[in-house]
Structures are given as C-alpha cells and as structure tokens.
Amino acid sequence: MKINQVLPAISYGDAVSSDAIEIKRSLEYMGYSSEIYAKYIHPKCSKYVKPLSDYNGNSENLLFYHFSLAGLDVTDFVKCLPDTKALIYHNITPPEYFNDYDANLSYMCSKGRAELNAICSDFYLGIGVSEYNRVELNKIGFKRTDVLPIIVDFNKYMEYDIELANDLSRNSTVNFLFVGRIAPNKMHIDIIKTFYYYNKYINNNSRLFLVGDKQIARYVLKIEDKIKELGLSDSVFLVGMVPDKKLASYYRSAHIFLCMSEHEGFCVPLLEAMYFRIPVIAYASTGIPYTLNDAGILLHKKNHIEIAELANIIITDKHISDKLVKKQEQRCKEFNRDRICPKLNELIKRIIAAKRDPL
C-alpha cells in the first residue's frame, strides 16, 4: 500500500504546500511509501513532487487530497480515482474578501466552497487541520471527521541572517511583526491603525514589519496608501516574502506579534511566533482561538487605541510578557512532530481497518 497526496498546485513557502511536504516526510519516517502529486509545481518544490499526469490510481492506495481552493479538473480527477480517499481541509476564505481586489480569486473561493459541498460522499474521512475546520466539515455533511494539525518544521529556523537581525535590533527599537500573505482577510489595515497609535502616542522609536507574499496588487496599493496617509512611511515596512533565514531574523527581533485577521483555517505564523518566544496578540476569529487556545492574548473587539496600550503593557512589563511566553511555549509543544505523527498513524490505521471491515 502506498499513501499519496494530491494538490492542485504546490507552491514555495505556502502553508498548505509545506504541510504536504512535512506529511510526506513523516509518512516516510514511519515506514510508509509516499508521493506527492500536483498539477502545478513550483520549481523550488520539484524535488518533493511529481506531475499529476503521472498518477495512477490503485484501490490498494490511500490518498490524501489537500483542499483550500477550487480544484476544478483536479477535484474531478481525484473523485474518479479508485483509491480510498481522505480530504485534508485547510479552509477556504469567504470570497467577499476578494471582490474588490481580485475577481479570479473571488471566483475560485466561491467555486471551492461549491465543490466542497458536492464531494462529501467521495471521501471516507474529512480531516480538518483545526477543530474549526472539522466542525465546518461536519456541518457541510461529511459523515466521519477528525483533526490533524499542520506539521511545522521548526528546524528550518535554526539558522538566521545575523546582519539583518543586528540591523533590526539597533537603537533599542521596538518591533511589531505580522507574518502572512498580504490579503484582505488578514486585515493589515487594522494592524497599521493599531501601530499608528502606539508609534504616535506611546513610543515613536518603533517599527512595524509586515512579512508576506504581495500577490494581490490592488490590496497592496490600499495598504501603501494607508501607510502614507498616516505618515508612517519611515516606520511601516511591507517586506514581501523572504527566505527562511531572513524570516527567522524578523521573528528573533520582534517584541510583539499582532494578528488582526478575520479568517484563518489554522494560522501557522501563530505557532512560529510562539516558537520564537514572541508575545502574541490576536483577534479571536475563525480558527485562531483553536490554534492559540489559552496561550497569547485573544481580542474580541478591535479598539485600536486599547490594543496599542495593551501591546505597550506587554512590551514594558517583563513579568507579564514572561508569563505569556511561558504559556505559549507549552501550547507550541502540543504541535511538535512527535505528537502529530502518532495522530497521523492513528488516522491511517483507522481507514485501513474500515477498508477491511466496511460499515
């Protein structure tokens, strides 16, 4: 038996793609034969992935299909395979977030949600990467559901760009950080407004770094306009996507991680911030409370002035920040590979047992 994975596309640095690669590594570590197949393959990921056109279905195989956007012909292809299939659901951003910025992305989100509603019976098991996602699968109509958190390889952050880290830490500057694709659901404007009050009224020796892929041009322009409007051009930086060594430097140099996103299926950067011992403040939307649990600070309303003051308390009071970081460290350990791999193996054995003794 082989345990394979299929994605419509595999991208460099994307959370869904990284999860598929880490699952492959984990499966191989546990002794399973495993491959990843995708229709579109980023060159930097080609050593891990085979073209979807090479895939030959087999009733003896177990197939995980990663779902985060409309798969279109890839979904049709997967539906027709004889393999025993499980769907790994990373959630789909509500399309209205993209209506004013990217019509094609809005369409793909709408189409993805329609696909999801239509394929419940094609998969033996629906797996959410968070409890939030599992509950959604249940509501849609999946009869059997479970949770398998995203696997994060923290070892890739062991090395960092020393020169960049030193530059970021100069002159005792306070650094705010958010990491995530520059997309409307991430609500970067709320982060910038909060930082404005902190920078203007509390500590002007401060900077905000927004790290993430700048693929939605119209939304990037809106953010740049807001930065200029608030007079923050020298303090707020749209960094773009960076390699792991530079990303590690941004994390190592941050004093607070601020997330105001309104839609997340899991939110890997929350784990990364916890790993780097950065106090986390996050808006309690969608999958975020499930990932943070009782670690970090969860916000239930967006009062930018109050959040700026809260950030200042955390930054300046070592007792409070140390207490937060300690709880975050404990929470982060729950996502270690050695805890998630047994869960993955349990799901596999559950599916195999069902094949031998079907309901």
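Our subject is the structure listed above.
Criteria and thresholds
Residues numbered from 1 in each chain as written. Predicted model: local features only at pLDDT ≥ 70, side-chain atom pairs only at ≥ 80, totals over all residues. Heavy atoms only, no water. Pairing = 2+ DSSP bridges. Helix = DSSP H or I, 4+ residues; strand = E, 2+ residues; numbered from the N terminus. Axes fitted to C-alpha atoms, helices over the stretch in contact; angles between N-to-C directions. Contact = heavy atoms within 4.5 Å. Polar contact = N/O pair within 3.5 Å; in protein donor to acceptor, adjacent residues only side chain to side chain. 1 Å grid on protein atoms, 1.4 Å probe; cavity = no way out; pocket = protein on both sides within 12 Å on 5 of 7 lines; lining within 4 Å. Points joined across faces, edges and corners; volume = space filled by probe spheres on them. Nonpolar A, V, L, I, M, F, W, Y, C, P; charged D, E, K, R; others polar.

**Quick look at the sheet that holds strand S3 (residues 49-51)**
If you walk across this open sheet you meet the seven strands as S3-S2-S1-S4-S5-S6-S7, and the pairing is parallel. Edge positions in the open sheet fall to S3 and strand S7 (145-147), since each of these has one partner strand only. Adjacent strand axes in the sheet meet at a mean angle of 30° when their direction is disregarded. Where helix H1 (residues 15-29) meets the sheet, it contacts strand S1 (3-10), strand S2 (36-41), strand S4 (62-67) and strand S5 (84-89), and its direction lies at approximately 160° from that of S1. Across the sheet, helix H4 (residues 131-140) is in contact with S5, strand S6 (125-128) and S7; its angle to S7 comes to roughly 175°.

**A word on the side chain of Lys24**
Relative to the helices and strands, Lys24 is located in helix H1. Side chain to side chain, Lys24 and Glu28 meet in a polar contact 2.7 Å long. In contact with Lys24, other than residues within four places in its own chain, are Gln5, Ser34, Glu35, Ile36 and Tyr48.

**Structural notes on the layout of surface pockets**
Of the voids in this model, the second largest pocket is the one considered here, and its volume is about 260 Å³. Taken together, 14 residues make up the lining of the second largest pocket; nearest its centre are Phe154, Tyr275, Cys332, Lys333 and Asn336. Of all the secondary structure elements, the ones that give two or more residues to the lining of the second largest pocket are helix H9 (268-275) and helix H12 (318-333). Top contributing element to the lining of the second largest pocket by residue count: H12, with three residues. A class-by-class count of the residues in the lining of the second largest pocket yields seven nonpolar, two polar and five charged.

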